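Structural description and commentary
Here are the chains, one letter per residue:
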Amino acid sequence: MKKEFRLRKASDFKAVLDQRHPAEKNRSVSVFYAPNTLAHVRIGISVSSKLGDAVTRVRIRRQIRAQINETDVLTKPFDIVIIARPGYLENSYQENLAILKDAFTRLSLPQKGEKA
């Protein structure tokens, strides 16, 4: 992903996580989002050291970036934080791709109690 599509600062991650708009929350990933003022998405990926050694964590981040490229989320005006969880390693690439695609389709839908 290009630098313009990344969340890199801790303050950017915190701003998204403080709003607590979950698009998906399950055993394999948690996806949180917040609207931004840009014409494109910015995505941050977090993989805890609890999931394995550095090689495993880099493999997970690489897979998530590849899955993002297979979706149409890059044109949406959101900041997104994807947190990999222990169940991510138990699923196949295709299962995790389906979970992320499902989460990305929920981004534009209003949350409970909000008006469209």
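Residues numbered from 1 in each chain as written. Predicted model: local features only at pLDDT ≥ 70, side-chain atom pairs only at ≥ 80, totals over all residues. Heavy atoms only, no water.

Remarks on the overall build of the protein chain
- Counting secondary structure elements, the protein chain contains three helices and four strands.
- Listing the helices and strands of the protein chain from first to last along the sequence gives α-β-β-β-α-β-α.
- For 116 residues, the compact-globule estimate of 2.2 N^0.38 gives 13 Å, and the C-alpha radius of gyration of the protein chain, at 14 Å, lies within 12% of that figure.
- With the C-alpha coordinates of the protein chain rotated into their principal frame, the extents come out at 40 × 25 × 25 Å.
- The burial tally for the protein chain puts 40% of its 116 residues in the buried class.
- Long-range pairs, those at least 24 residues apart, make up 77% of the contacts in the protein chain between residues at least 6 apart in sequence.
- When the accessible surface of the protein chain is summed, it comes to about 6900 Å², and 52% of that surface belongs to carbon and sulfur atoms.
- For the protein chain, the separation between the mean place of its 22 positive charges and that of its 12 negative charges on side chains is 4 Å. (Helix = DSSP H or I, 4+ residues; strand = E, 2+ residues; numbered from the N terminus. Rg over C-alpha atoms; globule rule 2.2 N^0.38 Å. Buried < 20%, exposed > 50% of the residue type's maximum accessible area, 1.4 Å probe, protein only. Contact = heavy atoms within 4.5 Å. Areas by Shrake-Rupley, 256 points an atom, 1.4 Å probe, with all protein chains shown as cover. Lys, Arg positive; Asp, Glu negative; His and termini not counted. Charge placed at Lys NZ, Arg CZ, Asp CG, Glu CD.)

A look at the pairing of strand β4 (residues 78-84)
- A large share of β4 lies buried, amounting to six of its seven residues.
- Relative to β4, strand β2 (residues 29-35) is paired through seven bridges, and the arrangement is antiparallel. Its bridge partner being in β4, Val31 is matched across the sheet by Ile82.
- Where strand β3 (residues 42-47) meets β4, six bridges bridge the pair, whose relative direction is parallel. Pairing of Arg42 across the sheet is with Asp79, part of β4. (Pairing = 2+ DSSP bridges.)

Examining the sheet that holds β2
- Across the sheet, which stays open at both edges, the four strands sit in the order β1-β2-β4-β3 with mixed pairing between neighbours. The open sheet has two edge strands with one neighbour each: β1 (22-25) and β3. Across the sheet, the mean angle from the axis of one strand to that of its neighbour is 10°, orientation sign disregarded.
- Sitting on the sheet, helix α2 (residues 54-69) touches β3 and β4, and the angle it makes with β3 is about 150°.
- Contacts between helix α3 (residues 93-105) and the sheet are confined to β1, β2 and β4, with β2 contributing the most and set at about 25° to the helix. (Axes fitted to C-alpha atoms, helices over the stretch in contact; angles between N-to-C directions.)

Considerations on a positive patch on the surface
- A cluster of basic residues, Lys3, Arg6, Arg8, Lys9, Arg59, Arg62 and Arg65, forms a positive patch at the surface.
- On the basis of relative accessibility, which here comes to 48%, the residue Arg62 falls in the partly exposed class. (Patch = residues over 30% accessible without salt bridge, like charges linked within 9 Å, V, L, I, M, F, W, Y side chains within 5 Å. Salt bridge = Lys/Arg side-chain N within 4 Å of Asp/Glu carboxyl O.)

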